[in-house]
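Given next are the chains, with one letter for each unit.
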Protein chains: 2
Amino acid sequence: MKIRDSWEGDAFDPECPTRVILDRVGDKWTVLIIEILDDSPKRFGEIRQAIGGITPKVLTSTLRSLVADGLVTRQSFGEVPPRVEYSLTDLGRSLQAPVTALRRWAERNVAELIDNRDRQAEIDDAQAR
Amino acid sequence: MKIRDSWEGDAFDPECPTRVILDRVGDKWTVLIIEILDDSPKRFGEIRQAIGGITPKVLTSTLRSLVADGLVTRQSFGEVPPRVEYSLTDLGRSLQAPVTALRRWAERNVAELIDNRDRQAEIDDAQAR
DNA sequence: CAGTATCCGTTCCGATACTG
DNA sequence: CAGTATCGGAACGGATACTG
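Predicted, not measured: the structure shown is a model, and the values here were computed from it.

**Q** Sorry if this is basic, but what is going on with the packing of aromatic side chains here?
**A** Given two aromatic rings, their pairing is described by the distance between the two centres and the angle made by the two planes. One pass over the full model with this rule turns up zero aromatic pairs over all chains. Positioned above the aromatic ring of phenylalanine 77 of chain A, the side-chain terminus of arginine 83 of chain A is 3.8 Å from the ring centre.

Set out below in structure tokens:
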């Protein structure tokens, strides 16, 4: 099937590629990177420092995916030592709004959710005995 | 926006708001279930039919997680044959807005993203030779 | 009808070490 | 500096068959 720019997905269709986007957003580091790239371009090392705890291998593969999807651009300056800058594309920037909305929701409600989860864990625990 | 400063330390924290919510939203079926439960309570089989392609085992475990997080309630009527209804809690309903925004972004932009991805694959392919 | 019980392949992602 | 190369554990989720 030839997918055109005018084609709209239907997330309820099991065959729908829309799910690739949900997979993307659900990726462990994607959203962090998108928020870090917010305004200005960032170098590989800057992103790595900003996130903390991500290994170069994983950062590389995550950035590759983002570039492949057209959410991020990679610019390599032919210098020694090497300098590479990553920045958001328009598409990537357009993803920020929904992602930020989600984060806001998280900040407001995560306490309650964690509370529920802990309480449920206790119930399950009591059930087990 | 001062996100990054407070973010850096939280990235390792499993209870970091963004992390918890994104894990949940990034789950393969969560978003679809939340949208399906929209208006009225739904039975196990109804949800299964509506989604299509989900196995009972996976649906069960996903629903369990949603119940544990207090996003969904499970009501079992003591009948034979059994009848069980799932519905959104207030917390679950409040998650709909941001999640729907995300899904709509996905549906609007998946074509471009897939297009980018295909084009990138061709470039990589050419590169390899 | 609404789940359980097993088995199992894939994918993700971290640790560690190395390189142009 | 900006990556690569390898290895391995663990979690996710699908296939299939069974049950109260």
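Now that the structure has been shown, the text picks up again.
**Q** Quick question: what am I supposed to make of the protein's contact with DNA strand D here?
**A** Around DNA strand D there are 19 residues in total, and Arg64, Arg74 and Tyr86 of chain A together with Lys28 and Lys57 of chain B lie nearest to it. In the interface set of DNA strand D, defined as its atoms within 4 Å of the protein, sugar plus phosphate atoms amount to 62%. Residue proline 82 of chain A places a main-chain N or O atom 3.3 Å away from a sugar or linking oxygen belonging to DNA strand D. Note that a phosphate oxygen of DNA strand D is positioned 2.7 Å from one of the side-chain N or O atoms of tyrosine 86 of chain A. Secondary structure elements with two or more residues in the surface near DNA strand D: helix H3 (44-51), helix H4 (56-68) and strand E3 (83-88) of chain A together with helix H5 (56-68) of chain B. Of all the elements, H4 of chain A adds the most residues to the surface near DNA strand D, at four residues.

**Q** Is there a simple way to think about the sheet that holds strand E1 (residues 42-43) of chain B in this case?
**A** Strands in a sheet are paired, the pairing made by backbone hydrogen bonds, and the direction either parallel or antiparallel. Residues and elements named next belong to chain B. If you trace the three strands from one edge of the open sheet to the other, you get E1-E3-E2, paired in antiparallel fashion. The open sheet terminates on both sides in strands that have one partner only, identified here as E1 and strand E2 (72-77). Pairing of E1 with strand E3 (residues 83-88) involves two bridges; the strand directions are antiparallel. Bridge pairing links lysine 42 to tyrosine 86 in E3.

**Q** What should I look at first to understand the sheet that holds strand E1 (residues 42-43) of chain A in this one?
**A** Residues and elements named next belong to chain A. Read across the sheet, three strands follow the order E1-E3-E2 without closing on themselves; strand pairing throughout is antiparallel. Edge positions in the sheet fall to E1 and strand E2 (72-77), since each of these pairs with one other strand and no more. Bridge count for E2 against E3 is six bridges, and the pairing is antiparallel. In the strand pairing of E3, serine 76 is matched with valine 84.

**Q** Would you mind showing me how to read the nonpolar core here?
**A** One recurring pattern in soluble globular proteins is that nonpolar side chains are buried together. If you look at the biggest cluster of nonpolar residues, it comprises 62 residues, and the most contacted ones within it are Ile33 of chain A together with Ile21 and Ile33 of chain B. With residues near it in sequence (within four places) discarded, isoleucine 33 of chain A still touches Ile47, Ile51, Leu59, Thr62, Leu63 and Leu66 of chain A.

**Q** Is there a simple way to explain the environment of arginine 83 of chain A in this structure?
**A** All names here are of chain A. You can see arginine 83 is positioned in strand E3. Since its relative accessible area comes to 22%, arginine 83 is described here as partly exposed. Between the alpha carbons of arginine 83 and threonine 62 there is a distance of 18 Å; along the sequence they are 21 residues apart. Those residues in contact with arginine 83 that lie beyond four places of it in its chain are Arg43, Gln75, Ser76 and Phe77.

Here is what the cut-offs are and how they apply
Residues numbered from 1 in each chain as written. Chains lettered and ligands numbered in written order. Predicted model: local features only at pLDDT ≥ 70, side-chain atom pairs only at ≥ 80, totals over all residues. Heavy atoms only, no water. Phe/Tyr/Trp six-rings, centres within 6.5 Å; stacked < 30°, edge-to-face > 60°. Lys NZ or Arg CZ within 6 Å of the ring centre and 35° of its normal. Near = heavy atom within 4 Å. Polar contact = N/O pair within 3.5 Å; in protein donor to acceptor, adjacent residues only side chain to side chain. Helix = DSSP H or I, 4+ residues; strand = E, 2+ residues; numbered from the N terminus. Pairing = 2+ DSSP bridges. Core = buried A, V, L, I, M, F, W, Y, C linked by side-chain atoms within 4.5 Å. Buried < 20%, exposed > 50% of the residue type's maximum accessible area, 1.4 Å probe, protein only. Contact = heavy atoms within 4.5 Å.

Nothing here speaks to function; it is all geometry.
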